[in-house]
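Fold and contact review
The chain contents come next:
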Amino acid sequence: MRIFKSTFLLFVLLIFSLSGLAQSQDVEIPLRFDHYYDYSQVVEAVEALHEAFPEMTSTEIIGRSEENRDIWSLTINNPETGEPLSKPGVYVDGNIHGNEIQATEVGLYLMNYLLTNYGKNEQVAKLVDRNAFYFVPSINVDGRYHFFNDPNTPSTNRGLRIPKDDDRDGLFDEDFPDDLNGDGSITQMRKHDPFGKWKTDPEDPRIMVRVEPGETGEWTLLGQEGIDNDGDGRINEDSEGYVDPNRNWGSNWAPSYVQSGAGDYPYSGNVTKAVTEFMMERPNIIVVFAFHNTGGMFLRGPGTKSEGPLNPRDISVYDLLGENAEKIVPGYRYLISWKDLYSTYGDFTEFTYNQVGAFSFVGELFMSEQETYVAHDEDPIGDEEGGFNQSTEQERERLKFNDRVTQGALYREWESYDHPVYGEIEIGGWAKMSSRLPHPFMLQDLVHRNASAVMYAASQTPDISMEVFETERVSGNLHRVRVRLVNSNAIPTMTYHAVQNKLFPQDRLTLTGSNAKVVAGGELTDRYNNRVNYKEHKPEVQFFYVPGNDAVEYEFLVEGSGTVNVEYVSRKAGSRSATATLE
Amino acid sequence: MQPGTIKTKLLYACLALAVPLLLILLFPKQGSAQEVQNSREYHTPSQVNDRLRDLNRANRNTTKLHTITTSPGGHEVMMIEIGPETDSEQKSMPAIFVVANLEGDIPISTEAALYLAETVIDSNAAAKKSWYILPNGNPDAAAGYFENPLVQDIRNDKPHNDDMDENTDEDGWEDLNGDGYITRMRVADPTGEWMPVEGDPRLMKKADPSKGEKGMYALYSEGIDNDNDGQYNEDVPGGVNVNLNFPHLFKDFTETGGAWPGSTPEVYGIFEFVFDHPEIAMTFSFGSTNFSMVPPKGGRQGSADFQSIQIPESFADQIGADPNATYTMEEVIRMVQPLAPPGFEITESVVASFLGLGAVVNPLDDDLKFYNELSDQYEEYLKEKGMETERLDPEPARDGSFELWSYYHLGVPAFSMDLWTLPEYKDEEEGGSGLTTDMIGEMSSEEFVELGEEKLGMFLEEIGAPEQYSAEMVIKMVEGGQLTPERIASMLNQMPKPADSEGASPEDRALMAFNDNVLDGEGYVNWQTYNHPTLGEVEIGGAVPYVRNTPPAAMVDSLLSVQVPWVVTLAEKIPRLSILKTETINKGGGVWELSVWVQNENYLPFPTAMGEKNQQPRPVVLTLNADGLEVLGGRARTAVGTLAGHETKKFRWLIRSPQTDAINISLESANAWNDRSQVNLGGN
């Protein structure tokens, strides 16, 4: 046992140095999307974009991770059309789960696309001129680092590097899986066993299927590759963390016995705290996309049933954006988190909808069903079993895809191994860079389509124009001034949720003039019949929001003469001003 | 009714000893309200920190100061550590975490924390444990007690736009009549909802149209409409009530709760400190609740019930469950585990979050047992000290409070104390039944039935029980076993106390009695007319700020010296785990059976039932150590799990130890002390 441990340590060291050597590609603009960027390349890419487009971008290190890595953000804003806070903010992040790495590539792709196409593509120019884009391409930087640099399954290194005693034995993170065969992936272990519950699939010997009653077994599955590092009779039972950064936000947060991975308290993770501070300083954010991997979904809240349904008017905005996103990315479904997937407490988009007041989506990138090996006249197999396991038919197809489309890159063939506890076993299965990640040849399509879903939403952020459409003398020096605000896009200037819960002050319209006094003022509900809801106090200041693809009108009765200024200020939709002359 | 006649009818139940005598001595008629209320005996936030620094200077070896954060208003939130391990970051002994005045408007609670710190330093209470005492959890608001005008408010200095207009904190109070207090304004208003109480026209109550009453006054807090928006004092300075900003049952979107749990630094600082100090074995708070006297309240709807789980249809199909049936957590885990990938363990938490079962919101029965027993002991203790317990009820813990958070999230016993309420007002002529709710609670079912319908009916009427609870029905249910007198008492205790025949609440009656008889009228500003700039003729008056929860400074010492030592008594009851004995049996062939008995020497369980559920206090682990030790049966590291108060558990191993006869056994815990032992195989 002791001898085994030291050789094990040795080859773990080897893996680290090997993987260090493997990653050295120069980052150049335009960015390429035929490979994945490791943590340091992500930082290089952000810096390179800023260097190439210094006027249009700014970068900021928004915080440091538990292992002291910098968390980078990049802002795209055209200074010629105004400061970032004066425009609707579109926020995009990814990789809050360390293993969900292609989420970062969507952000990098969109940054790169907006910047390199500005001046070439009219739609892109309009998006960039009208919005401020905020990116935090990789949130869980420790997780990304360890996913690239350590042996992993496709699902490990999801959480934060906050030690947790998963098996309640008083020790923290003392029994990780181990890359026994040194291939850089944590795969599966199986052992020949006539009393096992599994047998070899007759069509593909790499697959095991459950034995039926009356049949003899062939294999026992032993779980993830590893040894019993702490000698407690269990294998791999206390690996990194587990605090799930996407259950650590302060909105509808619940402790660990209610929500696995919640952390000890809201914002106990460095990264969740840093992103929260970043967003609270940017109250103009009105659209949020947070990218994850697996499933092919655009999810919206609420995260739990007990929160009750969203305001129907917000739902109609979500539906428009979600239903378009479904069409932009074929096969992806627009779903409601708690209802169509499962309940989550304290997740990120819960916070951004509830506290930032932004229409917020989780984009679950990639579906393994896209790993096809099927003739044009055959029915696709798809994933019908649901739950935790895919069907044998689908696994057969995915293995053929592995063999003939990716030349075996995604799967580790079973090889025998002498295990210190189990004796002769076999190790094999899906490699780290598989299953939840598209092969790099499919990456370009994935990042472009998902970035396009973001761009569609950005194209619908509120676009307000204001005009004084009537100035009329009522009698003497009393004048009627009528103002119209038009939102030519689908997203209102505030979520209805923010209005209802008084999250922040509503949009404000103020009429002032050096020689003018507002006698009365209010919403003009019927301009033909002169119906006005006059505000009882302070008529010169009016509060409201502008719904999507709609207009609101206000009337002021003003005593005085000369020029009056009308000013509109919105937290999310910028400011507008106009003047009128009382004659 | 004249105040004089009330006086003769009053039965005082003041918390201080020999009250009438004390009152005459302490409150000569000439004492002004200012002296009584703003006495130097209470400490400003900076004086409190100075006092902590003094204590630290005088006790260098046994104390240490921690500044956990700076409040939005720039006050250092300071804490004193007292104990034998101030030099080490990692503690080997447990600690008691004490916080006071998170509400910010309870000056006596800060004094209690200082008093406790002094008591602990002067006694041996910190000989074998540490104390972390934070006297001012909400210093910004606490500073308000020392300002002129005097205003009672719970907000810290974090700006908040209460009325969501174009300005923040722009419409605070003004002391219009210049009496040094922010009280209330009443304005004759035909649309107003308020009217004077018939028996005491100084008091105001809401008119009840069903009784033919009609409102004639509008009520405002004292001040002007600074921003001309038609509202008075609707956006006062400040933002967060620190004691609403904790995660258990946190309420979103309230005016003073903060944006999210821990959004204000005082609270986030406490999160960080508490979770950096796993040695904390009990929390205690001085404030508005009293878990020492009244256990945390149950009866909330929607508590997660892990014993009867319904599986939604969409999942029921996948795991082969019946969506109409209910299952226990164990059953659900058994159904789901075979579907999980190998190596993926299905735990309670995985199921609970997947199905969205939600949080526990009622105290668990096993925990209520110790809360109730200790509450009885506290009552006895107070009696022995000669302190009457007839007082107004303490406030129940509020959603989002520290008290609830520590009980539900930290998994340690959480106690609190409110120290003083107005003495309960009692009219001798009332209580014709001669019964009280407490008396009912202590009766056996037989005794209860013997009361008879007439007497019980009188009692139910006196306490304002709903009409459907007729004496006849209640007696039948007790006879039939559906109800116990104890349960009835607990139900009655949850009901709001009835107003008296004239409509004054018990709190208001207590206030006026105290004002008239103790404070000589200085606790209540009588209504006086004032010409208000926008409201016209108004009257300004009402309770002096803090009079309801802040006793005259001269009473403070006697209140603290009786009550605060109970904290030390409770702290002695935290679980202490140790190795009671060991035994070895030679099984032959070099194989030994080793048994170790682990006991909880103290009264409180390790952990609380709630702690067992949320896995929050770190586990206590028994380890065996010896060179070349082979553990054949059992594990070298064994978590001891739960140990009720005074419980002993036996642990057993089969071992071989070819290299040495000496086996070291250690019991390692974060917050229940450590212990070690050695057995000698063969030698014994």
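A brief structural summary. (Residues numbered from 1 in each chain as written. Chains lettered and ligands numbered in written order. Predicted model: local features only at pLDDT ≥ 70, side-chain atom pairs only at ≥ 80, totals over all residues. Heavy atoms only, no water.)

Let's talk about the packing of aromatic side chains
As enumerated under the stated definition, the model contains 55 aromatic pairs over all chains in all. Relative to Phe-415 of chain B, the ring of Phe-370 of chain B has its centre 6.4 Å away and its plane inclined at 50 degrees; by these criteria the two rings are tilted. Placement of the pair is Phe-370 of chain B in helix α11 (residues 365-384) and Phe-415 of chain B in strand β12 (residues 414-417), with a sequence separation of 45 residues. Of the residues examined, Phe-370 of chain B reaches a relative accessible area of 4% and is grouped as buried. Using a relative accessible area of 2% as the deciding quantity, one classes Phe-415 of chain B as buried. Aromatic rings pair up to connect Tyr-265 of chain A together with Phe-97, Tyr-132, Phe-246, Tyr-268, Phe-271, Phe-273, Phe-275, Phe-402 and Trp-405 of chain B into one cluster. Here Arg-190 of chain A stacks its cationic end above the ring of Trp-219 of chain A, 3.8 Å away from the centre of that ring. The ring of Trp-597 of chain B has Lys-581 of chain B lying over it, and the distance from NZ or CZ to the ring centre is 4.2 Å. (Phe/Tyr/Trp six-rings, centres within 6.5 Å; stacked < 30°, edge-to-face > 60°. Helix = DSSP H or I, 4+ residues; strand = E, 2+ residues; numbered from the N terminus. Buried < 20%, exposed > 50% of the residue type's maximum accessible area, 1.4 Å probe, protein only. Lys NZ or Arg CZ within 6 Å of the ring centre and 35° of its normal.)

Topic: the nonpolar core
Soluble, globular proteins show a tendency: their nonpolar side chains are buried together. Tyr-91, Leu-114, Met-279 and Phe-348 of chain A together with Phe-97 and Ile-270 of chain B are the most contacted members of the largest nonpolar core, which has 129 residues in total. For this core, the element with the highest residue contribution is helix α11 (residues 440-459) of chain A, accounting for ten residues. Not counting chain neighbours up to four residues away, the residues in contact with Ile-270 of chain B comprise Ile-68, Phe-97, Val-99, Leu-102, Leu-134, Phe-246, Phe-402 and Trp-405 of chain B. Core analysis: the next-biggest nonpolar cluster, separate from the first, contains 108 residues, Ala-112, Ile-311, Phe-370 and Leu-511 of chain B among them. (Core = buried A, V, L, I, M, F, W, Y, C linked by side-chain atoms within 4.5 Å. Contact = heavy atoms within 4.5 Å.)

Digging into unusual backbone geometry
The amide bond that connects Asn-148 of chain B to the next residue, Pro-149 of chain B, takes the cis arrangement and shows omega of 0 degrees. Position of Pro-149 of chain B relative to the elements: it lies in the loop between α6 (139-142) and β5 (184-188). For the bond running from Phe-606 of chain B to Pro-607 of chain B, omega is -20 degrees, close enough to zero to count as cis. Despite not being glycine, Asn-252 of chain A has its phi angle at roughly 55 degrees, a positive value. Relative to the assigned elements, Asn-252 of chain A resides in the loop between β8 (219-224) and α6 (270-280).

Some points on the side chain of Glu-279 of chain B
All names here are of chain B. Within the secondary structure, Glu-279 sits in the loop between α7 (265-276) and β9 (280-286). No salt bridge forms around the buried Glu-279; measuring N to O, its nearest opposite-charge neighbour Lys-91 is 5.3 Å away. Engagement of the side chain of Glu-279 in a polar contact is seen with the side chain of Tyr-132, the distance being 2.5 Å. Leave out the neighbours within four places in its chain, and Glu-279 touches Lys-91, Met-93, Pro-94, Ala-95, Tyr-132, Ala-670 and Asn-671. (Lys, Arg positive; Asp, Glu negative; His and termini not counted. Salt bridge = Lys/Arg side-chain N within 4 Å of Asp/Glu carboxyl O. Polar contact = N/O pair within 3.5 Å; in protein donor to acceptor, adjacent residues only side chain to side chain.)

Considerations on the sheet that holds strand β15 (residues 577-588) of chain B
All names here are of chain B. Pairing is antiparallel across the open sheet formed by four strands, whose spatial order is β15-β16-β20-β18. Here the strands that pair on one side only, and so sit at the sheet edges, are β15 and β18 (630-633). Geometrically, the sheet is characterised by an average inter-axis angle of 35 degrees between neighbouring strands, direction not taken into account. Relative to strand β20 (residues 648-656), β18 is paired through three bridges, and the arrangement is antiparallel. Paired with Val-631 across the two strands is Ile-655, which belongs to β20. (Pairing = 2+ DSSP bridges. Axes fitted to C-alpha atoms, helices over the stretch in contact; angles between N-to-C directions.)

Section: helix α4 (residues 45-58) of chain B
The α-helix advances 3.6 residues per turn, and as a result positions three or four apart in sequence lie on the same side. Residue and element names in this part refer to chain B. In this model α4 runs 20 Å from its N-terminal to its C-terminal C-alpha over 14 residues, within 8% of the 20 Å that 1.5 Å per residue would give. Taken together, the buried positions of α4 are Pro-45, Val-48, Asn-49, Leu-52, Leu-55 and Asn-56. Buried residues of α4 fall within an arc of 115 degrees about the axis and therefore sit on the same side. (Expected span 1.5 Å × (residues − 1). Arc of directions from axis to C-beta.)

Digging into helix α12 (residues 402-410) of chain B
Residue and element names in this part refer to chain B. The buried fraction of α12 amounts to nine of the nine residues, a majority that puts the element mostly inside the structure. Among all positions in α12, only Phe-402, Glu-403, Leu-404, Trp-405, Ser-406, Tyr-407, Tyr-408, His-409 and Leu-410 are buried. Each element contacted by the buried residues of α12 is listed here: β3 (95-100), α7, β9, α11, β12 and α21 (609-614).

Brief notes about the interface of chain B and chain A
The interface of chain B with chain A comprises 52 residues on the first partner and 48 residues on the second. Together, the buried faces of chain B and chain A total about 4,300 Å²; carbon and sulfur atoms form 59% of this surface. The largest share of the area that chain B buries against chain A comes from Met-164, Phe-253 and Trp-260 of chain B, three residues that together contribute 17% of it. Our enumeration of links across chain B and chain A arrives at one salt bridge. Across the pair Glu-166 of chain B and Lys-538 of chain A runs a salt bridge, and its minimum N-O distance is 2.9 Å. (Buried area = accessible area lost by both parts, 1.4 Å probe.)

With respect to the sheet that holds strand β19 (residues 531-534) of chain A
Residue and element names in this part refer to chain A. The antiparallel open sheet is built from five strands, whose spatial order is β15-β16-β21-β18-β19. Edge positions in the sheet fall to β15 (464-475) and β19, since each of these pairs with one other strand and no more. On average, each strand axis in the sheet is inclined to that of its neighbour by 30 degrees, with strand direction left out of account. Judged from the four bridges that link them, strand β18 (residues 516-526) and β19 form a sheet pairing that is antiparallel. Looking at the pairing, Asp-526 lines up with Arg-531 of β19.

With respect to the pattern of salt bridges
One pass over the structure, following the stated rule, counts 55 salt bridges over all chains. Arg-155 of chain B is paired through a salt bridge with Asp-162 of chain B; the nearest N and O atoms lie 3.2 Å apart. Neither residue differs from the other here; Arg-155 of chain B and Asp-162 of chain B are each classed as buried. Glu-593 of chain B serves as the salt-bridge partner of Lys-587 of chain B, at 3.4 Å between the closest nitrogen and oxygen. Given the relative accessible area of 49%, Lys-587 of chain B is considered partly exposed. For Glu-593 of chain B, a relative accessible area of 8% puts it in the buried group. Taken together, the salt bridges that share partners define one network made up of Glu-470, Glu-472, Arg-480, Arg-482 and Glu-555 of chain A.

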